[in-house]
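Coordinate analysis (summary)
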Amino acid sequence: MSELTLAKANAIIEAAFAKGSEVKMKPLTVAVLDAGGHLKAFQKQDGASMLRYEIASGKAYGALAVGMGSRWLDQTAKERPHFMEGLNAVSGGKIVPVPGGELIRDASGKLLGAVGITGDTSDNDELAAISGIEAAGLKHQAA
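Residues numbered from 1 in each chain as written. Predicted model: local features only at pLDDT ≥ 70, side-chain atom pairs only at ≥ 80, totals over all residues. Heavy atoms only, no water.

**So, the nonpolar core**
- If you look at the biggest cluster of nonpolar residues, it comprises 20 residues, and the most contacted ones within it are Ile12, Val30, Val32, Ile104, Val115, Ile117 and Leu138.
- Secondary-structure elements contributing two or more residues to this core are α1 (6-22), β1 (29-34), β4 (111-118) and α5 (122-135).
- Per element, the largest residue contribution to this core is five residues, and it comes from α1.
- Those residues within four positions of Ile12 in sequence are excluded, and the remaining contacts are Leu4, Val32, Ile104, Val115, Gly132, Ile133, Ala136 and Leu138.
- Leu33, Ala60, Ala63 and Ala114 belong to the second-largest nonpolar core, a separate cluster that totals six residues. (Core = buried A, V, L, I, M, F, W, Y, C linked by side-chain atoms within 4.5 Å. Buried < 20%, exposed > 50% of the residue type's maximum accessible area, 1.4 Å probe, protein only. Helix = DSSP H or I, 4+ residues; strand = E, 2+ residues; numbered from the N terminus. Contact = heavy atoms within 4.5 Å.)

Laid out in structure tokens, this is it:
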């Protein structure tokens, strides 16, 4: 697979929502970006609050920006807040440095994009992201 297809992006979202249902998460919002940071697919469950698109896409965008899952960004924000401040400044404020953003790779390890999820705890958002990626037959890369 050389690119992230719409079918795969939608499969990630569907599986993430299924995981959320399975473990009784709050309503989730999922944004899937291609490797260039462009929106490939997006869905927001009924009852999700406003700004969830911006948070979900910011988690995915941040993962793409640094080549690591957004858990790494969260840790870096605590250890080196000046770095995170600079990174957010040069990105135009697009990065949300909390867990829930995961890189998407194919079987060979090629970067296809990233998924960002928000709505529940950051740990649960990350769990749903990883579940979605794996269910779609792809690999994730966390921090």
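Having seen it, we continue.
**Here's the deal with the pairing of strand β3 (residues 101-105)**
- β3 sits mainly inside the fold: five of its five residues count as buried.
- Side chains of β3 alternate between two faces, with Gly101, Leu103 and Arg105 and Glu102 and Ile104 buried alike.
- Bridge count for β3 against β4 is five bridges, and the pairing is antiparallel. Bridge pairing in β4 places Gly101 opposite Gly116.
- Count of turn residues in the β3/β4 antiparallel hairpin: five residues, of which Gly109 carries a positive phi of about 100°. (Pairing = 2+ DSSP bridges.)

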